[in-house]
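What follows is each chain in one-letter form.
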Amino acid sequence: MRFMTNKKIVLDRISPSADESVVDCLSVVEEQRIPSPAEDELLLKVVLSAIHPCDLLCSAGIVSRFRDFGGHRNTEVLPGLEAVAHVQQVGAALQGSFVVGQRVTVKAWSPWGEWEIADGVWSEYLCVKSDKVITVPEAVSDLAASTFFSVSVTSYVMIKEVLQLKKGDWLLQGAGGSALGRWIIEFCRYQGINVISTVRRQEQVNQLKGACETDKVIHCASDGSNAAQVVEYIESLCGVRGLKGALDPISDGVFSSIALKLLSRYGTVLKYGALSDAPMFLERDALTAMSQEGLSIRGFSIQNWWIPDTSDDHKRVVYQKVWDYLQASNQECAVESVFPFDKFDHAIVKSLGSKTGKVFLTPREEELQ
Ligand SMILES: NC(=O)c1ccc[n+]([C@@H]2O[C@H](COP(=O)([O-])OP(=O)(O)OC[C@H]3O[C@@H](n4cnc5c(N)ncnc54)[C@H](OP(=O)(O)O)[C@@H]3O)[C@@H](O)[C@H]2O)c1
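So, here's what we can say about the structure. Note that the structure is a prediction, hence the values are computed from the model and not measured.

A few words now on the overall build of the chain. When helices and strands are counted, the chain shows 11 helices and 15 strands. In terms of overall size, the chain behaves like a compact globule, its C-alpha atoms giving a radius of gyration of 21 Å where 369 residues would be expected to give roughly 21 Å. The buried share of the chain, reckoned over its 369 residues, is 44%. Partitioning the contacts of the chain with sequence separation of at least 6, the portion at a separation of at least 24 is 71%.

Right, here's the structure in full:
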């Protein structure tokens, strides 16, 4: 069905925090016309976009994208980091490079060259420059394509480029039930890398074991009350100081302290998220191990430093490797539910609760299958 209006979700003020209060700062707008592309632009029709923790952090001004928004009372900002879309119209200067109907993944920021602060993708129709899209190979599903950057490329770069893990290495990750955590488990199995995952809820242990066909999952209490058992369990799998690397999206200190006690010499805890809003305290034993074993805690951001500081030639190689992997493995992003734009409030609340996959947005209820 073709609609002659354009639905979009706009942010009309910065949210006081990256939680349910974001809902009050967003609204659905229905424009009575579909935008027209300039000659160097594509008109896209968005199909699916996942809600990421970073979408909420951006809406609260905690992550840089909307930080300068506060003073501009009359400016609406379009949130949404990434989507899969179909090309609807090709600007004159792009004829021959794109065709109508082609599937692309579109980003709020260009995946090439320098990273620039830009508008997001939560709009049914979007006019974008061609450097904001990457063509999706035919064999890759809409679901996998819609999280190409935020889940697949991010995980790939952390594991293969930054930690440089190889077959037989041991990796520890926190928040194993997250979309990235699930992707990492499956990707590492494919690569022959051993992954041990922690989850914060006991009931999630068996759920994750079943969903990702792994037996290496353990509950790690957020207050650190079972940290000694977690250390013991990990040592029973990979031996004393048997970990080559650790991925920490939590940043409350409990997980990183455990990792530092288990990493082999010169090992790295890669801190790529701040799911906890508690301050990060590291245990004395962990800090001692850090200096004695030459360990590091290092930050990672795909958009703030990997994209701008990596050559386009190398990024092209990495993107192709990720597409090749997605085609060969048929790996999908786990889905919790899909909501139309009109129900973005339910979608955001759902994305903040306990779930077993990503919450997605699609422009129209009528087009949900
Ligand atoms: N640095 C980068 O370039 C980059 C890029 C993409 C994503 N990220 C980060 O990656 C992380 C995961 O993203 P995602 O999209 O995969 O998330 P997601 O699918 O929305 O899942 C969030 C997961 O985090 C768990 N969680 C939430 N708060 C926690 C806490 N305090 N302690 C332990 N676990 C907690 C949740 O567990 P429950 O099920 O128990 O609620 C859930 O499993 C986020 O921090 C995101 O910002 C970073």
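Right, let's talk about the nonpolar core for a bit. One recurring pattern in soluble globular proteins is that nonpolar side chains are buried together. Formed by 102 residues in total, the largest nonpolar core has its most connected members in Leu44, Val106, Leu171, Ile184 and Ala259. It is helix α3 (residues 148-162) that contributes the most residues to this core, 8 residues altogether. Each of domain 1 (6-147 + 333-367) and domain 2 (165-303) gives at least three residues to this core. Ignoring sequence-local partners within four residues, the contact set of isoleucine 184 consists of Ser155, Ile159, Gln173, Val195 and Leu247.

Moving on, we come to the environment of proline 35. With respect to the element layout, proline 35 can be found in the loop between β2 (26-31) and β3 (41-50). A C-alpha to C-alpha distance of 7.2 Å links proline 35 and leucine 126, two positions 91 residues apart in sequence. If we ignore the near neighbours within four places in the chain, the residues touching proline 35 are Asn6, Leu43, Tyr125 and Cys127.

A separate point is the site of the ligand. Taken together, 25 residues sit near the ligand, with Ser178, Ala179, Gly273, Leu275 and Ile302 positioned nearest. Those elements that provide at least two residues to the shell around the ligand are α1 (53-59), α3 and α4 (179-191). For the shell around the ligand, the residue count by class is 11 nonpolar, 10 polar and 4 charged.

Thresholds applied
- Residues numbered from 1 in each chain as written.
- Predicted model: local features only at pLDDT ≥ 70, side-chain atom pairs only at ≥ 80, totals over all residues.
- Helix = DSSP H or I, 4+ residues; strand = E, 2+ residues; numbered from the N terminus.
- Rg over C-alpha atoms; globule rule 2.2 N^0.38 Å.
- Buried ≥ 20, exposed ≤ 12 C-beta atoms within 10 Å, placed from the backbone.
- Contact = placed C-beta atoms within 7 Å.
- Core = buried A, V, L, I, M, F, W, Y, C linked by C-beta atoms within 7 Å.
- Domains from an automatic or database assignment.
- Near = placed C-beta within 6 Å.
- Nonpolar A, V, L, I, M, F, W, Y, C, P; charged D, E, K, R; others polar.

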